[in-house]
Amino acid sequence: MAEAFDHGGGVRSVRVPIPDNPLGHTLVYVVDTDRGPVLVDTGWDDPAAWDALAAGLTACGTSVGEVAGVVVTHHHPDHHGLSGQVREVSGAWVAMHAADAAIVRRAQETRPERWYAYMAAKLTAAGAPEEHVAPLRAARGRRTLPGVSPALPDREIVPGELLDLPGRRLRAIWTPGHTPGHVCLHLEEEHPARLPGRGRLFSGDHLLPEITPHIGLYEDPDDATVTDPLGDYLDSLERVGRLTPAEVLPAHQHTFTDASGRVRELLAHHEERLTGLLALLREPLTPWRLAERMEWNRPWSEIPYGSRNIAVSEAEAHLRRLVKLGRAEPVAGSEPVAYVAV
C-alpha cells in the first residue's frame, strides 16, 4: 500500500524507502503547480523505491508521467537518485544548486580508480591503519563506483530567487554544510491551517526534528581548497532560524513546528560536541584516533567499514572548525598529522 499524506494547500508527501539504511525512507514532497506536480527530491535509485514513488504519486491523484519538474535539495542518492528516471518518463526538468551540480558532473567524469586512489590517500593522511586502507588500494581496478550514477540537472537553483513554479511562491535558501550546494525551499504562502509563522520550509537534511545531519569534508580529488563545512552548517542554521517558518517539512522523520527552537538545540549540540573534542585533544590525536574516541550511535568496534570513513570525515570537519576558531592546532612535524587543543 502506498504511503502518501496530504499536508494541505496543494502539498503532499510520499514515503520512499531507502534500502538497508536505518533512516528508513525519504519523504518526497509533491507540490501542485499550474503546470502540474513538482517533486521536492525523488528518493534512492532502487526498484522498490521506484515502485513506492510511482504508487505514492498515484495515491496523490497523479502519476510519474505528469511530473513537471524535480527540485533537488542536495545531490545525495536518497534525494537525487530517481531524478533521472523521473525525467525519462515525464520529460520533467531537474533543478539543483550549482555547487552540487558540479559534484554530480565530477562523479560522472572522474574515473573510479582516481576516486579510490584519492580516498586511500585521504584516509592514510588521516592516520587510518593499513588494514583499513588496503581494500581501497585493491579496488582501484574496478570500472564503476557502487551506487553512483546520478543524473545531471538541467536547471540551476539560484539562492534567494523564486523557482519557476507557476501559481506558487517557492524561494531557494542556500544552506551549505551537509553538502556544499544544499538548499532549503521556503514556501512563502500562508499555512493552510493558519499556524503562526512565515509559510512552510522544505528543509531537506539541513533541519531534522530528532537527528543531526552528517557534516563531513567536501570531497574533491582536484580541489585542495581548505573548506569549513561545519562553519558553513552553523551559519546556515542561523539563517534558517531567522525565517521563522510556521512548519518544517524535512526529508526524513516527520514534520514539525518551532524551527527556531530546533536551530537553538542544534547550535548548542555542536558547541557541546566541540567542547568535548577539545577535552579529547589534550593529547595529540590524528583524525582517525579522534574518530575512534568520539561518541557515535554505537561502539567503534561495531561501526561498519563505510561508516568509519564517514565518521573520520566528520572528525576532520570538526577539527577544521576548531583550527579555524584557534582552539586547536596541528602538531608540527607529526606524520600523519595529529592535532592538539590550544
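Right above here is the structure, for reference.
This write-up is about the structure you can find in this document. (Residues numbered from 1 in each chain as written. Predicted model: local features only at pLDDT ≥ 70, side-chain atom pairs only at ≥ 80, totals over all residues. Heavy atoms only, no water.)

**Considering helix H10 (residues 305-324)**
Reasoning step 1: Taking 1.5 Å of rise per residue, 20 residues should cover 28 Å, and H10 covers 29 Å from first to last C-alpha, within 8% of that figure.
Reasoning step 2: Of the residues trailing H10, Gly326 is marked for its positive phi of about 75°. (Helix = DSSP H or I, 4+ residues; strand = E, 2+ residues; numbered from the N terminus. Expected span 1.5 Å × (residues − 1).)

**What about the packing of aromatic side chains?**
The geometry of an aromatic ring pair is captured by two quantities: the separation of the ring centres and the angle between the planes.
Reasoning step 1: One pass over the structure, following the stated rule, counts 3 aromatic pairs.
Reasoning step 2: Directly above the ring of Trp296 sits Arg273, whose terminal nitrogen or CZ lies 4.9 Å from the centroid. (Phe/Tyr/Trp six-rings, centres within 6.5 Å; stacked < 30°, edge-to-face > 60°. Lys NZ or Arg CZ within 6 Å of the ring centre and 35° of its normal.)

**Considerations on the sheet that holds strand E10 (residues 200-204)**
Reasoning step 1: Taken together, 4 strands build an open sheet; the order of strands is E8-E9-E10-E11 and the sheet is mixed. Each of the sheet's edge strands pairs with one partner strand only, and the pair in question is strand E8 (170-174) and strand E11 (247-250). Within the sheet, the average angular offset between the axes of one strand and its neighbour, ignoring direction, is 25°.
Reasoning step 2: As paired strands, strand E9 (residues 183-187) and E10 are joined by 3 bridges and run antiparallel to one another. Its bridge partner being in E10, Leu187 is matched across the sheet by Arg200. (Pairing = 2+ DSSP bridges. Axes fitted to C-alpha atoms, helices over the stretch in contact; angles between N-to-C directions.)

**So, the pairing of E9**
Reasoning step 1: The element E9 is extensively covered by neighbouring structure, given that 5 of its 5 residues are classed as buried.
Reasoning step 2: Of the two faces of E9, the one holding Val183, Leu185 and Leu187 and the one holding Cys184 and His186 are both buried throughout. (Buried < 20%, exposed > 50% of the residue type's maximum accessible area, 1.4 Å probe, protein only.)

**Regarding the layout of surface pockets**
Reasoning step 1: If you add up the space inside the second largest pocket, you get close to 230 Å³.
Reasoning step 2: Along its surface, the second largest pocket is lined by Lys122, Ala125, Ala126, Leu217, Pro287, Glu316, Leu319, Arg320, Val323, Val337 and Tyr339.
Reasoning step 3: Of all elements in the fold, only helix H5 (112-125) and H10 reach the threshold of two or more residues within the lining of the second largest pocket.
Reasoning step 4: Looking at the lining of the second largest pocket element by element, the count peaks at 4 residues for H10.
Reasoning step 5: For the lining of the second largest pocket, the per-class residue count stands at 8 nonpolar, no polar and 3 charged. (1 Å grid on protein atoms, 1.4 Å probe; cavity = no way out; pocket = protein on both sides within 12 Å on 5 of 7 lines; lining within 4 Å. Points joined across faces, edges and corners; volume = space filled by probe spheres on them. Nonpolar A, V, L, I, M, F, W, Y, C, P; charged D, E, K, R; others polar.)

**Details of the nonpolar core**
Reasoning step 1: By size, the foremost hydrophobic cluster in this structure holds 42 residues, and its most contacted members are Leu207, Leu281 and Leu290.
Reasoning step 2: Elements with a minimum of two residues in this core: H5, helix H6 (130-138), helix H7 (229-241), helix H8 (259-280), helix H9 (287-293) and H10.
Reasoning step 3: For this core, the leading source of residues is H8, giving 6 residues.
Reasoning step 4: If you look at the next biggest cluster of nonpolar residues, it comprises 21 residues, including Val30, Val67, Ala101 and Val104. (Core = buried A, V, L, I, M, F, W, Y, C linked by side-chain atoms within 4.5 Å.)

**Focus on the pattern of salt bridges**
Reasoning step 1: On inspection of all chains with the given rule, the structure shows 17 salt bridges.
Reasoning step 2: As a salt-bridge pair, Arg111 and Glu113 come within 3.9 Å of each other at their nearest N and O atoms.
Reasoning step 3: Classification of Arg111 by relative accessible area gives exposed; the value is 54%.
Reasoning step 4: Arg327 is the salt-bridge partner of Glu271, the closest N and O atoms lying 3.2 Å from each other. Of this pair, Glu271 sits in helix H8 while Arg327 sits in the loop between H10 and strand E12 (328-330), placing them 56 residues apart in sequence.
Reasoning step 5: For Glu271, a relative accessible area of 37% corresponds to the partly exposed category. (Salt bridge = Lys/Arg side-chain N within 4 Å of Asp/Glu carboxyl O.)

**What about the packing of H8 against H10?**
Reasoning step 1: Viewed as axis vectors pointing N to C, H8 and H10 meet at an angle of 90°, and their least axial separation amounts to 11 Å. Between H8 and H10, the interaxial angle falls into the category roughly perpendicular. The residues of H10 that touch H8, namely those facing His270, Arg273, Leu274, Leu277 and Leu278, are Glu314, His318, Arg321 and Leu322.
Reasoning step 2: Grouping the amino acids of the contact of H8 with H10 by side-chain chemistry returns 4 nonpolar, 2 polar and 3 charged. (Parallel < 35°, antiparallel > 145°, perpendicular 65-115°, else oblique. Contact = heavy atoms within 4.5 Å.)

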